[in-house]
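Observations on the model geometry
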Amino acid sequence: VELDARDGNRSLAVALDVTAAGRRTYRVNGSVRRKLSGVTGNLPAVVFTPDDLRIVKDSAERRRSTIDDLGVQLSPAYGVVRTEYERVVRQRNALLRQGDVGEEELAPWTERLVASGVKLGMHRARLFGRVSEAMAKIYRALAEEEVLSATYVAAWAGELNPATASAESLHKAMGEHLAANESAERAKVMTLTGPHRDDVAIEISHRDARAFASQGQQRTAALAWKLAEVQVTEGVTGATPVLLLDDVMSELDEKRRHALMGFVSERVQTFISTTNLGYFEKKFTDAATVVRL
């Protein structure tokens, strides 16, 4: 599979080779990359699939991963911070599972947990702050009579906002949260404090979207989230990302399909997979290149 991309004076050639045995090799402008991480971030892109329509009602892990996937694409440093934090959590959990582990043995990993956790929490909260702002505006455009708010929730930070608080104050707050949960952690033999347990709270017209929003409202919120990623990517990288829509039209009603196509037809190069061209108004199919597979 090969992709040729151009943006102004910059050209990018990305290729993926897959052997019969399933081994994958990537190439960027002819240079071999053995791992996917060597390709990530070269071409800004936002992907929207039917699974993403469940962002609102799915688990907190899904919402965290959605933010992290965007962060890794926008900044290699984000990926480094996340990888380090996940490694520390695994190591600390392994120690806790050993049973009666001494504090002197656990303390170094607790210190590393706080250091890497605060970094990840600040990165993630700041990024989602940008997504949340754009998301609220887009949702309002899609559902004029309703208001959406999305807030990053970090129990380990106490009353502090990880997006705006100082690293020093967040270190103190996370340390206190760990101390308060020490007995519970030993009982459950797992780390209970940190960004790996954070969530995003979404409210529509001041009501919890997970509990009270209709399926249409939840899907509109998910749509607004992914379209917000387009705006954030553009703002951070200075380049308009490619938008990949994988068979989402069948999951959206006519109003939301129209709103989505109105957004993408303005300036975003978009690839859409579908099994039914009837989902699209004639003006869109006339302006598009239709490839039948």
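Computed from a predicted model, the values in this text were never measured in an experiment.

1. A closer look at helix H7 (residues 215-237)
Its 23 residues place the ends of H7 33 Å apart at the C-alpha level, agreeing with the 33 Å of an ideal helix rising 1.5 Å per residue. Backbone geometry just after H7 places Gly238 at a positive phi near 80°.

2. Describing the pattern of salt bridges
Counted according to the given criterion, the structure contains 19 salt bridges. Measuring nitrogen to oxygen at the nearest pair gives 3.6 Å for the salt bridge that ties Glu84 to Arg112. Of this pair, Glu84 sits in helix H2 (residues 76-97) while Arg112 sits in helix H3 (residues 103-142), placing them 28 residues apart in sequence. On the basis of relative accessibility, which here comes to 27%, the residue Glu84 falls in the partly exposed class. A salt bridge links Arg219 to Glu251; the shortest N-O distance between them is 3.1 Å. Separated by 32 residues along the polypeptide, Arg219 in helix H7 and Glu251 in the loop between strand E9 (242-246) and helix H8 (254-267) bring together distant segments of the chain. The exposure class of Glu251 is partly exposed, given its relative accessible area of 30%. Each of Asp52, Asp58 and Arg62 takes part in a single network of salt bridges with overlapping partners.

3. Some thoughts on the sheet that holds strand E5 (residues 45-48)
The 3 strands are arranged E5-E9-E10 in an open sheet whose pairing can be described as parallel. Each of the sheet's edge strands pairs with one partner strand only, and the pair in question is E5 and strand E10 (270-273). Averaged over all neighbouring strand pairs, the angle between strand axes comes to 10°, with direction disregarded. Of the pairings in the sheet, the one linking E9 to E10 comprises 4 bridges and is parallel in character. Within E10, the residue paired with Asp246 across the bridge is Ser273.

4. Focus on the layout of surface pockets
Taken as a whole, the largest pocket spans an internal volume of roughly 1,500 Å³. Lining the largest pocket are 42 residues, and of these Leu43, Pro44, Ala45, Gln73 and Leu244 sit closest to its centre. Secondary structure elements with two or more residues in the lining of the largest pocket: strand E1 (2-7), strand E2 (10-18), strand E3 (24-28), E5, helix H1 (60-74), H7 and E9. For the lining of the largest pocket, the leading source of residues is H1, giving 7 residues. Residue composition of the lining of the largest pocket, grouped by class: 22 nonpolar, 8 polar and 12 charged. One number sums up the size of the second largest pocket: a volume of about 860 Å³. For the second largest pocket, the lining is made up of 23 residues, of which Ile272, Ala288, Thr289, Val290 and Val291 are closest to its centre. At the level of secondary structure, the elements contributing two or more residues to the lining of the second largest pocket comprise H8, E10 and helix H9 (282-287). Its residues assigned to classes, the lining of the second largest pocket shows 13 nonpolar, 8 polar and 2 charged.

5. Topic: unusual backbone geometry
With glycine set apart, most residues show a phi of negative sign, and most peptide bonds adopt trans. In this model, Asn29 sits at a positive phi of 50°, which is unusual for a non-glycine residue. In this fold, Asn29 is placed in the loop between E3 and strand E4 (31-33). Residue class for Asn29 comes out partly exposed when judged on its relative accessible area of 48%.

The rules behind these values
Residues numbered from 1 in each chain as written. Predicted model: local features only at pLDDT ≥ 70, side-chain atom pairs only at ≥ 80, totals over all residues. Heavy atoms only, no water. Helix = DSSP H or I, 4+ residues; strand = E, 2+ residues; numbered from the N terminus. Expected span 1.5 Å × (residues − 1). Salt bridge = Lys/Arg side-chain N within 4 Å of Asp/Glu carboxyl O. Buried < 20%, exposed > 50% of the residue type's maximum accessible area, 1.4 Å probe, protein only. Pairing = 2+ DSSP bridges. Axes fitted to C-alpha atoms, helices over the stretch in contact; angles between N-to-C directions. 1 Å grid on protein atoms, 1.4 Å probe; cavity = no way out; pocket = protein on both sides within 12 Å on 5 of 7 lines; lining within 4 Å. Points joined across faces, edges and corners; volume = space filled by probe spheres on them. Nonpolar A, V, L, I, M, F, W, Y, C, P; charged D, E, K, R; others polar.

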